[in-house]
Amino acid sequence: MVTIYIDDKPYEVEEGQDLLSACLSLGFNVPYFCWHPAMHSVGACRQCSVKVFKDENDKKGKIAMSCLTAATEGTRLSIDDPDARQFRASVIEWLMLNHPHDCPVCDEGGECHLQDMTVMTRHIYRRTRFRKRTHQNQYLGPFINHEMNRCIQCYRCIRFYNDYAGGRDFSVFSAHDSVYFGRHEEGILRSEFSGNLVEICPTGVFTDKTLKAHYTRKWDLQTAPSICVHCGLGCNTIPGERYGSLRRILNRYNGEVNGYFLCDRGRFGYGFVNSDTRVRRPLLSINKGTTGGPASKDEVLEHISKILHFGARVIGIGSPRASMEANFALRDLVGPENFYQGLSEKEYETISDIARIMKKSPARSPSLRDVSMSDSVFVLGEDVSNTSPMLALALRQSVRRKPMEIVRKLRIPEWNDAAVREAIQDEKGPLFIGSSYSTRIDDIAAEVYRAAPADLARLGFAVAHEINKDLRPVNDLPKDTASLARRIARALKAAKRPLIVSGAGCGSRELIGAAADIARALCDAGRDAGLCYVVPECNSLGLALMGAEGLDRAVRRITGGTADSVLTLENDLYRRIDAEKADGIFGTAGHVIAIDHYLNRTTFMADVVLPAGTFAESGGLFVNNEGRAQAFYQVFVPEGEIQESWRWIRDIMVRTRRESAKNWKGLDDIRAAMINAMPFLGPARGIVPGAGFRIAGQRIPRQPHRFSGRTAIHADITVHEPRPPRDPDSPLAYSMEGYVERPPSPLIPRFWAPGWNSVQSVNKFQSEVGGQLAGGDPGRRLIEPDAAAEAPYSGKVPHPFERKEGKFLMLPLHHIFGSEELSARSPEISGLVPAPYVGLNAESLGDLGIQEDDELEIEIGSRTLFLRAENISSLPAGTAGLPSGIPGLEGIPLPSWGRLKRGGKTEGGP
């Protein structure tokens with residue numbers, strides 16, 4: 001720590017950081033544009049100027065950019081010096097010369113960083129009388145609206161899109177006062193992180209097009225802390241609602257998880273909440289396979305109580321997209337021995353292996369922040385850009401760790417971004433990728449190895465053997481593969497923070513075991529290794545930690561006649577298992593009760609359908625891939641008879657006289673019962689303040705203090721403002737009244753501070769700029785590494801992949817848009833979902849005597865598909881690829897062997 005003097009008052013700050021960060025961390029208001037806490041300083045806008053003095057005797061000083069000046073012992077500066085204030089005012093004036101006077105109609109209005117900084121610098125009058133520069137806007141896809149005339153040339157967009165996120169289809173053109181930020185031609189932005197431009201841009205150049213479709217002013221949005229439901233990483237979000245409709249998703253800062261950013265699937269995949277396919281009333285069917293008719297809550301509960309009579313043989317099927325509380329409630333209703341994870345056999349096996357390894361491994365499961373700090377990485381069998389995009393963004397930052405040694409030798413501060421990138425150039429740290437096809441992070445890899453899953457696992461076990469020679473060697477490994485294994489092992493052993501990444505995406509238990517062996521070998525060699533497993537859904541790991549059997553076991557019970565009725569929880573069984581198996585459930589079970597929030601094949605076949613709340617209409621806990629339990633809160637109370645899944649189950653239990661449910665008055669009660677029944681959730685005790693928590697006797701308002709209440713949109717119904725709903729489950733209020741200062745970090749519903757209306761206001765909520773939230777980042781880790789663990793090495797080296805005559809190994813191909821269930825139902829994303837196809841390399845296409853776009857007949861399991869052929873040159877010989885989970889290809893177990901036919905004649909194989 002060093003002492004600096006701001007306007008002659010001493011302050012202690014961290015040595016070496018830039019003065020802008022130091023001032024903001026101390027709570028001072030210093031205006032800025034180009035600087036960003038994740039991307040640091042380039043000095044492009046000149047807005048953060050202060051006056052710096054040589055010593056206490058220097059009365060003249062000089063103007064300096066605070067973002068490019070280091071905080072050293074004795075540094076003296078003035079923020080309020082008249083010269084500094086005048087300079088900042090002149091900067092904002094020239095930046096505003098060509099900015100249009102369109103604040104009243106700008107989508108950024110009320111949340112605009114440019115507005116905030118203009119007010120902060122007291123620029124109130126424009127002296128220029130000349131015509132403003134104008135630009136033509138571009139179509140950039142369904143997510144981003146482009147209004148180039150508002151640009152102030154801060155360069156934030158290009159620095160994020162290209163430098164930070166690795167985009168290649170967005171650039172800056174021309175020079176001087178005609179600088180243009182966009183694409184070389186109109187078209188959809190290809191980066192999976194393009195939506196962050198909405199928050200990165202300090203003006204209204206890039207705005208949320210999905211919000212524009214049902215626009216409301218930002219100060220009229222009701223918000224609450226939430227968790228993204230579109231993958232297993234658990235990114236923190238702020239959903240915004242108006243008039244019972246979810247209008248947008250904003251990033252919610254969590255220093256250990258997503259930091260300042262979200263992927264496009266997480267930001268724009270919320271449309272399913274407003275979908276026309278929502279279940280909004282209980283449905284009761286007389287005949288299976290017919291759409292149920294509406295019924296009252298009392299009618300369906302009475303009907304269910306007759307189904308679940310005393311002695312009825314009932315099984316419950318849980319869901320990885322339902323909260324821990326909902327899964328626990330179902331488990332309590334049917335009994336632990338009758339509760340099943342709603343996962344296919346392959347999913348169940350791989351995710352169960354992951355949970356078992358995480359509990360016993362000496363390697364730490366890293367947060368996304370930990371991933372970004374790793375200095376050597378081996379990605380084994382996981383397409384992270386499509387299965388967990390924010391992990392890919394963290395890996396892009398990790399390859400900068402090793403080259404930072406160059407920066408330190410040159411004594412360049414890490415916050416001096418332009419100088420750092422000039423020093424590093426194209427240098428990248430060691431990142432190795434073993435995958436079955438090309439991925440979007442191949443461009444940052446030192447080396448890429450492509451092979452079938454079995455051969456990928458063999459490479460992994462070979463790397464483990466090179467690190468620990470006591471392990472079983474991998475025999476008959478090709479020379480070039482063995483050499484690669486040695487290079488990977490050397491890089492991992494030489495690293496201070498090596499990281500192994502794998503997951504359930506490949507559907508291979510051998511790959512998961514190989515990753516665990518590498519991490520264990522590194523730990524045994526004295527390295528601080530990280531082991532990061534990717535799981536597919538928001539609560540996949542939480543469900544696995546509950547320890548129930550998989551869906552196939554439930555199918556065998558039902559078709560075997562040892563169960564009379566089934567209760568499914570937020571789970572479309574036709575996505576999980578083959579349609580023939582799912583049909584067997586509905587054809588054999590006496591009754592099927594489905595709790596879900598949208599209509600699907602399972603709800604169509606069920607006797608009773610109960611309308612569940614989505615993540616925006618309910619609260620609970622999710623456990624992410626790291627093993628971090630995180631809470632999400634209800635954003636708005638849904639209309640009609642929609643309620644949380646756990647509440648439906650509680651009502652059923654009360655109606656059927658289950659004693660345990662009598663004390664479940666609210667979310668706190670069921671959460672306490674759940675933690676008592678499941679010891680692994682012990683660290684989550686007290687994870688968030690209970691429903692009775694108050695600050696100065698007040699709740700935390702979901703609505704901002706400028707919330708305008710009911711407007712003319714409902715004046716034809718009533719001009720009276722209704723009484724706000726009561727929230728029995730949290731300390732939050734459905735009101736603009738309440739505690740307006742900074743609440744505890746898990747309860748922050750939005751980031752706002754006086755003078756800081758934009759997302760930059762998060763600086764005011766952090767212990768230091770770019771650090772954790774004051775009071776700690778939300779969430780609690782449930783699993784910590786056990787250095788004394790004696791879990792055995794896997795050592796189950798598979799045989800080399802062998803092609804089969806007349807068959808192809810069908811591998812899962814993941815797509816960021818389409819492979820995930822809920823986001824694919826959002827209108828903006830559904831247009832980007834690819835049509836079903838089968839991927840083959842050029843050699844296989846030639847062997848089959850077909851060309852790309854020809855139709856193929858595919859026999860896989862009990863299904864026959866007719867799909868368009870697509871040339872994917874990176875697929876290994878003897879394999880083919882099917883898009884995982886996209887409409888029309890759900891329920892297919894992958895990887896599996898399949899037969900390809902053309903013209904009725906089998907053509908597959910060598």
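Check the entry above for the structure.
Now for a look at the structure at hand. The model shown is predicted, which means the values in this text are computed figures rather than measured ones.

Quick word on the overall build of the protein
- Along the backbone of the protein there are 27 helices and 37 strands.
- For 910 residues, the compact-globule formula gives about 29 Å, and the C-alpha radius of gyration of the protein, at 28 Å, lands near that figure.
- In terms of principal-axis extent, the alpha carbons of the protein reach across some 90 × 75 × 55 Å.
- Counting only residues that meet the buried cut, the protein has 63% of its 910 residues in that class.
- Summed over its atoms, the accessible surface of the protein is roughly 35,300 Å², and 49% of this surface lies on carbon and sulfur atoms.
- Averaging the positions of the 112 positive and the 112 negative side-chain charges in the protein gives two centres separated by 2 Å.

With respect to the sheet that holds strand E19 (residues 431-435)
- Read across the sheet, five strands follow the order E20-E19-E18-E21-E22 without closing on themselves; strand pairing throughout is parallel. The sheet is open, and its two edges are formed by strand E20 (447-450) and strand E22 (530-534), each paired on a single side. Averaged over all neighbouring strand pairs, the angle between strand axes comes to 15°, with direction disregarded.
- In this structure, strand E21 (residues 498-503) lies alongside E22, joined through five bridges in parallel fashion. Across the sheet, the residue bridging to isoleucine 500 is leucine 531, located in E22.
- Sitting on the sheet, helix H16 (residues 453-467) is in contact with strand E18 (376-380), E19 and E20, with an inclination near 145° to E18.

Focus: the pattern of salt bridges
- If you walk through the whole model with that rule in mind, you get 54 salt bridges.
- Measuring nitrogen to oxygen at the nearest pair gives 3.5 Å for the salt bridge that ties lysine 218 to glutamate 111. You can see lysine 218 sitting in the loop between helix H6 (209-212) and strand E10 (222-223) and its partner glutamate 111 sitting in the loop between helix H2 (82-95) and helix H3 (113-121), a full 107 residues away along the chain. Here lysine 218 and glutamate 111 have matching classes, each one buried.
- Via salt bridges that share partners, Arg364, Asp370, Arg497, Glu626, Arg628, Arg781 and Glu784 belong to a single interconnected network.

Rules of the game
Residues numbered from 1 in each chain as written. Predicted model: local features only at pLDDT ≥ 70, side-chain atom pairs only at ≥ 80, totals over all residues. Heavy atoms only, no water. Helix = DSSP H or I, 4+ residues; strand = E, 2+ residues; numbered from the N terminus. Rg over C-alpha atoms; globule rule 2.2 N^0.38 Å. Buried < 20%, exposed > 50% of the residue type's maximum accessible area, 1.4 Å probe, protein only. Areas by Shrake-Rupley, 256 points an atom, 1.4 Å probe, with all protein chains shown as cover. Lys, Arg positive; Asp, Glu negative; His and termini not counted. Charge placed at Lys NZ, Arg CZ, Asp CG, Glu CD. Pairing = 2+ DSSP bridges. Axes fitted to C-alpha atoms, helices over the stretch in contact; angles between N-to-C directions. Contact = heavy atoms within 4.5 Å. Salt bridge = Lys/Arg side-chain N within 4 Å of Asp/Glu carboxyl O.

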